[in-house]
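Geometric and topological summary
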Amino acid sequence: MSGRKYEELIVSWGNGTAVKSPNFVFIMADDHAVNAISAYGSTLINTKHIDRLASDGMCFTHCYTTNSLCAPSRAAILTGTYNHVNGVYTLTTKLSSMFPNFVKHLQRAGYSTGIIGKWHLGDDKSSEPSGFDHFDVLLGQGDYYDSVFNLNGKLTNSTGYVTDVITSKSVRWLETRDVSKPFFLMVNHKAPHREWENHPKYDDEFQDNIRLPDTFNDNYDNRAKAAGAAKIRIREDLKYDDLGLVQPVGGAEVGQPIKPGSKERKIPDLKDSNVITLIDKKTGEKFEFSDPEYLAEFKYQRYIKRYLRTVLSLDESVGNILDCLDKMGLARDTVVVYTSDQGFFLGEHGWFDKRFIYEESFQMPLLIRYPGMTSGGVCPDIVSNVDFAPTLLDIAGLPSPSYMQGRSFLKLLMGKTPPNWEQIAYHRYWMHKDLQHNVYAHYGVRDQRYKLIYWYNEGLGVPGATDGAEPPEWEFFDCVEDPLELINCYGDSRYSDEVSRMRALLDAKMSEIGDVPRH
Ligand code: CA
């Protein structure tokens, strides 16, 4: 905090006609891992504009999602509740527009509210964005090019690259907004979500080969069965479109369907054939493979470079929005948030995708620039996406409604962590063995040092989950001694006291939030 006291800032801000509160621009990417943000120490990419939010803001290094999946995380962020409360368990469950969310509270308090970009909580009238004066959102996942938008209930076409379209729509909204009110603008990007289509101007970026992660060839020993069973391996489970490839020999029947009945097929991993030819869809360049290791490395390079190139457009978008705030004289009175609905595996453990409580997908980036309040700090305390809603309301000077289960971390943003701050994050993934990714259902907690996971491994009738129950298992990781999470210490007697303590924490957390354990 620089200079002035918090109370003084609040009094000196706002236009006095609505609430004495700052404006907000909340920017959320889709599947952006901290390992692809230079402010978090990534050496893969220079995200110079996102990093501006770290230089002038607060960088949270232990922010976690309560469910590492798009729709459930978005529901938790908007409502400040866990998924067993808001009902958004899976990718296909919708958030009823009747459900309360923090934007409705801002709107009622006099804020002008807008959302542009990805919604992903239902496309019909009963689940379209609510609490927003203006919405201009993608249908479902949207498309990287020429995507269709739902503009306040009416379908409209767009032309161009989706990240740029969302950016220009956002800038236009800022320029034409109701200036008599403070505003809250949510800018929800599609990128860097699968299938990682980048803007052509970045085609030539990342020419050099990128080093494989240390755990790329993980054999999943010493872990619960779930790690080895997941079908999210770069080596085996990427489809042709993921890498912008077609294969010319054998027609469309080469490769396994991504799930039963699907026409989309995976690129083979050369277990079943001696040679495969692949062709770049855009350039026509031809690649031939007979060595499984060479093919696996090729897939990784294609994957990581496509992913990083989509992040370049995201970073450019953040730069444009920050420049817009500067030009309009709004930067001083506007809180800017950058986050992602969850993290992502960038080849760690051989994986792409998310869903797991394992660190790479569990951790969310969270950078908040609160002018006059933040100046390049790093906050190592544990916060969760269910905490976002109460925190943003707190910044706006509004109380946290009793239905919200998260807690305001405004004091952390001010660099004043309360001594009794609970250092726990809870995660539950419900979509047991969905037919494409085969990740097992689980719940668990992480504190500053340890992570406890219970693989209850049942579908429980959740849509999109299967009933193929597996025997339950426990996992326990020492995140300081074993940050890559390679050794399950659940049965290790040296950790028995800590395991008991973490089991008690898990029980207490589930009891507190009303989630039902499986025994
Ligand atoms: Ca996502």
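Every value quoted in this text rests on a predicted model; they were computed, and no experiment measured them. (Residues numbered from 1 in each chain as written. Predicted model: local features only at pLDDT ≥ 70, side-chain atom pairs only at ≥ 80, totals over all residues. Heavy atoms only, no water.)

Some thoughts on the overall build of the protein
Counted only if it meets this: Under the scheme used here, helices are H or I runs from DSSP no shorter than 4 residues and strands are E runs no shorter than 2 residues, and both carry numbers assigned from the N terminus. Restricting the calculation to C-alpha atoms gives the radius of gyration, and the globule rule supplies 2.2 Å times the number of residues raised to the power 0.38. For every residue, the accessible area (1.4 Å probe, protein chains only) is compared with the maximum for its type, and the residue is labelled buried under 20%, exposed over 50%, or partly exposed between those bounds. Should any heavy atoms of two residues lie within 4.5 Å, those residues are considered in contact. Each accessible area value is a Shrake-Rupley result obtained with a 1.4 Å probe; residue values ignore everything except the protein chains displayed when judging cover. Think of it this way: Lys and Arg go in the positive column, Asp and Glu in the negative one, and His and the chain ends go nowhere. The atoms used to mark charge sites are NZ of Lys, CZ of Arg, CG of Asp and CD of Glu.
Along its length, the protein carries twelve helices and 18 strands. Whereas a compact globule of 519 residues would reach a radius of gyration of roughly 24 Å, the protein reaches 23 Å, a difference of no more than 12%. For the C-alpha atoms alone, the extent of the protein along its principal axes is close to 70 × 55 × 40 Å. Across the 519 residues in the protein, those meeting the buried criterion constitute 61%. The contacts of the protein with a sequence gap of at least 6 include a subset with a gap of at least 24, amounting to 69%. For the protein, the computed accessible surface area is about 19,800 Å², with 50% contributed by carbon and sulfur atoms. Averaging the locations of the 57 positively and 70 negatively charged side chains of the protein gives two centres separated by 4 Å.

Regarding the environment of Phe 356
As for its placement among the helices and strands, Phe 356 is situated in the loop between strand 11 (334-340) and helix 9 (359-362). Along the chain, Phe 356 and Asn 67 lie 289 residues apart, while their C-alpha atoms are 8.3 Å from each other.

Here's the deal with the coordination of the calcium ion
Condition: A 2.8 Å cut-off from the metal defines N, O and S donors, relaxed to 3.2 Å for Na, K and Ca; water is not in the atom list, so some sites may appear incomplete.
On the protein side, the calcium ion has Asp 30 (OD), Asp 31 (OD), Cys 70 (SG), Asp 341 (OD), Asp 341 (OD), Gln 342 (OE1) and Gln 342 (NE2) as donor atoms, found 2.2 to 3.0 Å from it. Expressed as a motif, the donor residue spacing for the calcium ion is D-D-x38-C-x270-D-Q. Of this pair, Cys 70 sits in helix 3 (residues 70-79) while Asp 341 sits in the loop between strand 11 and helix 9, placing them 271 residues apart in sequence. Assessed through its relative accessible area of 1%, Cys 70 is described here as buried. For Asp 341, a relative accessible area of 0% puts it in the buried group.

With respect to the sheet that holds strand 8 (residues 245-246)
So the rule is basically this: For two strands to be treated as a pair, DSSP must find no fewer than two bridges joining them. The angle between two axes is taken between their N-to-C directions and runs from 0 to 180 degrees, where each axis is a line fitted to C-alpha atoms and a helix contributes only its stretch in contact.
Taking strand neighbours across the sheet as the criterion, the three strands line up as 8-9-10 in an open arrangement whose pairing is antiparallel. Each end of this open sheet is capped by a strand with a single partner; those strands are strand 8 and strand 10 (286-289). The pairing of strand 8 with strand 9 (residues 276-280) spans two bridges and is antiparallel. Looking across to strand 9, one finds that Val 246 is bridged to Ile 279. Contacts from helix 8 (residues 292-327) reach strand 8, strand 9 and strand 10 within the one sheet, and its direction differs from that of strand 10 by about 145 degrees.

Let's talk about helix 3
Of all ten residues in helix 3, ten are buried, a share of seventy percent or more. Regarding helix 3, the residues found buried are Cys 70, Ala 71, Pro 72, Ser 73, Arg 74, Ala 75, Ala 76, Ile 77, Leu 78 and Thr 79. Turning to helix 3, the residues buried within the fold contact strand 1 (23-29), helix 4 (83-86), helix 5 (102-108), strand 7 (183-188), strand 12 (363-369) and helix 10 (388-395). In the stretch just after helix 3, Gly 80 is the one whose phi turns positive, near 70 degrees.

Considering the environment of Ala 230
For Ala 230, the location among the structural elements is in the loop between helix 7 (225-229) and strand 8. Using a relative accessible area of 4% as the deciding quantity, one classes Ala 230 as buried. It is 5.0 Å that separates the C-alpha atoms of Ala 230 and Asn 438, two residues lying 208 residues apart in sequence. Beyond its immediate sequence surroundings of up to four residues, Ala 230 is in contact with Asp 237, Phe 356, His 437, Asn 438 and Val 439.

Description of the sheet that holds strand 17 (residues 450-455)
An order of 15-16-17-18 is seen for the four strands of this open sheet, with the pairing classed as antiparallel. With partners counted over all chains shown, the strands left at the sheet margins are strand 15 (425-429) and strand 18 (473-478), one partner each. On average, adjacent strands in this sheet sit at an angle of 10 degrees to one another, irrespective of strand direction. With five bridges joining them, strand 15 and strand 16 (residues 442-446) adopt antiparallel strand pairing. In the sheet register, His 427 faces strand 16, and the bridge partner there is Gly 444.

Some details on the domain arrangement of the protein
How big an interface is tends to be reported as the loss of accessible area on association of its parts. In plain terms, the rule: Annotation comment: domain bounds sourced from an automatic or database domain assignment. Summed over both partners, the accessible area lost on bringing two parts together, with a 1.4 Å probe, is the buried area. Any Lys or Arg side-chain nitrogen located within 4 Å of an Asp or Glu carboxyl oxygen qualifies as a salt bridge.
According to the domain assignment, the protein contains domain 1 (22-197 + 306-419) and domain 2 (426-513). Domain 1 and domain 2 are separated by 26 Å when their C-alpha centres are compared. At the junction of the two partners, domain 1 supplies 29 residues and domain 2 supplies 28 residues. Together domain 1 and domain 2 conceal approximately 2,400 Å² of surface at their shared face, both sides included; 60% is due to carbon and sulfur atoms. It is Arg 355, Ile 357 and Tyr 358 in domain 1 that bury the most area against domain 2; as a group they hold 28% of the surface buried on that side. There are three salt bridges connecting domain 1 and domain 2.

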